[in-house]
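Reading the structure
Each chain, letter by letter, is given below.
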Amino acid sequence: MADRLIQGSWLEAYLAYTAESESPEEYHLWVGISAIAGALRRRVFYDMGYFLLYPNMYIVLVGPAGRCKKSTAMRIGRGILGEVPGLEFTTDSVTRERLIQDLSQAFKDGQSAMTAYSSEFASLLTSSGMDMVVFLTDIFDSPTEWSHKTKAGGTNKIKSPFLNLMAATTPDWISKAMPLDTVGIGLTSRIVFVHADTPRVKPPFPELTQAQKMLQQMLANDLTAISEISGEYKLDPEAKKMYERWYIERSSDPNVTGDPRLAGYFERKPMHLLKLAMIVAASSRDETMIHTQDLTNALALFEHVEVRMSKVFAGVGKNPINADKEEVYNALTFSGGMTIGQLTEKFSYALRRDEMAEVLDTLVIIGKIRFDPQRKLYVASK
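Below you will find a few notes about this structure. (Residues numbered from 1 in each chain as written. Predicted model: local features only at pLDDT ≥ 70, side-chain atom pairs only at ≥ 80, totals over all residues. Heavy atoms only, no water.)

What follows concerns the sheet that holds strand 7 (residues 161-169). In space, the 4 strands of this open sheet follow the order 4-7-3-8, with parallel pairing throughout. Edge positions in the open sheet fall to strand 4 (112-118) and strand 8 (191-195), since each of these has one partner strand only. Adjacent strand axes in the sheet meet at a mean angle of 10° when their direction is disregarded. Strands strand 3 (58-62) and strand 8 of the sheet are contacted by helix 13 (residues 292-312), whose axis makes an angle of about 80° with strand 8. (Pairing = 2+ DSSP bridges. Helix = DSSP H or I, 4+ residues; strand = E, 2+ residues; numbered from the N terminus. Axes fitted to C-alpha atoms, helices over the stretch in contact; angles between N-to-C directions. Contact = heavy atoms within 4.5 Å.)

Rendered as structure tokens:
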């Protein structure tokens, strides 16, 4: 196994390397998590008794189009992961049939492991419609073998599949194109959605320090070392007690957000937690043991993104103005306040006057905005 050059956490070093990027830190953090998952592949696992749990993750960055540089964050992680020998990747936009073919042809060293980077999650899903949704749902659990009958009468088989997904999309696409009956169950319950809407303020032409330039190669070297970790992960005695206590305490009310659209995700959170705990542990050491600090850090990472996860589906629902309600609220937040005339003009492409009035009334009633009579502006509540 290659020696590690970085002392401490690979993820912390990755955040230091990406510190000059405009993309929000949480984007870079989860891109880094995805990179470690892609490097580990099926070489490591957690024994759940009835099945083996592998560290692959589906992570989707969510934010306004062009504002938070989602693709930029993904390219940085893809570049470093791409320096690890022996890894397989898919193209950015791929059909289900091509993805099945790529995975089946990737078989080596006892596994068909691949990381998919999709800067447009919408394109990935719509390329094959519900067939892609069903396939991604099926393959997430990394079964011993996956197979299906082709239209020509043949059978496609994938031996020991491992699909790790890193993608990006906008809240607008989710609200307008994702069917309501798919939200909260199936595929979306297997995805960690990382929402951000504010980029970091950085110079227009970022310059890396000499230390950051050196760090890039060190990150690639250590990710190669991480890719060579193999074996069964276990919780040490104290970590096992902590996990059991957490598991029992959450059983009566797992969905702390109260948002029914996130119920499926929170039901699957124990599995997400163990996957992330393996990744966090691998970030710091080669030993296949999960300590209490690994669990604590993994829980903190989830809790940080869960606070904003409801925003991902803010526009999803039977009410046709749900998506517009969130956009109006965001406009008032960023502008500091607008008159009803300014709002009506700004959203004339989407809302009639009566619909704008309904949106504003709803936002006032739920306490997200208020009317300032002195300035005659609608403003976001503080």
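With that settled, the discussion passes to the nonpolar core. Core analysis: the biggest nonpolar cluster contains 102 residues, and Trp10 and Trp30 have the highest contact counts within it. Met338, Phe347, Leu351 and Tyr378 belong to the second largest nonpolar core, which has 15 residues in total. (Core = buried A, V, L, I, M, F, W, Y, C linked by side-chain atoms within 4.5 Å. Buried < 20%, exposed > 50% of the residue type's maximum accessible area, 1.4 Å probe, protein only.)

Next up on the list: helix 16 (residues 353-365). Over its 13 residues, helix 16 extends 18 Å from the first C-alpha to the last, a length consistent with the 18 Å expected when each residue adds 1.5 Å. Looking at the residues trailing helix 16, positive phi occurs at Gly367, about 85°. (Expected span 1.5 Å × (residues − 1).)

Strands sit in the order 2-1-9-10 across an open sheet of 4 strands; the sheet is mixed. In this open sheet, the two strands that pair with only one neighbour each are strand 2 (52-53) and strand 10 (289-290). As judged from the 3 bridges shared by strand 1 (residues 44-47) and strand 9 (residues 231-235), these two strands associate in the parallel manner. Across the sheet, Val44 pairs through a bridge with Gly231, a residue of strand 9.

Take helix 12 (residues 269-284) next. Taking 1.5 Å as the rise per residue, helix 12 with 16 residues should run 22 Å; its terminal C-alpha atoms sit 23 Å apart, in good agreement. Where burial is concerned, most of helix 12 is hidden: 15 out of the 16 residues are buried.

With that settled, consider the side chain of Thr137. Tracing the backbone through its elements, the reader meets Thr137 in helix 6 (residues 130-139). A relative accessible area of 15% places Thr137 in the buried class. There is a polar contact of 2.7 Å between the side chain of Thr137 and the backbone oxygen of Val133. Setting aside chain neighbours within four positions, we find Thr137 in contact with Gly186, Leu187 and Arg190. (Polar contact = N/O pair within 3.5 Å; in protein donor to acceptor, adjacent residues only side chain to side chain.)

Attention now goes to the pattern of salt bridges. Taken as a whole and judged by the stated rule, the model has 14 salt bridges. A salt bridge links Arg285 to Asp294; its shortest N-O distance comes to 2.2 Å. A single burial state applies to Arg285 and to Asp294, both of which are buried. Linking Glu355 and Arg352 is a salt bridge whose minimum nitrogen-to-oxygen distance equals 3.4 Å. Connected through salt bridges with shared partners, the residues Asp141, Arg190 and Arg268 form a single ionic network. (Salt bridge = Lys/Arg side-chain N within 4 Å of Asp/Glu carboxyl O.)

Counted according to the given criterion, the structure contains 11 aromatic pairs. Arranged with centres 5.2 Å apart and planes meeting at 10°, the rings of Trp10 and Tyr14 form a pair that is stacked. Note that Trp10 and Tyr14 are positioned in helix 1 (residues 10-17) at a spacing of 4 residues, about one turn of the helix. We note that Trp10, like Tyr14, is buried. Considering the side-chain rings of Tyr58 and Phe140, the 4.8 Å spacing of their centres and the 70° angle between planes classify their relative orientation as edge-to-face. (Phe/Tyr/Trp six-rings, centres within 6.5 Å; stacked < 30°, edge-to-face > 60°.)

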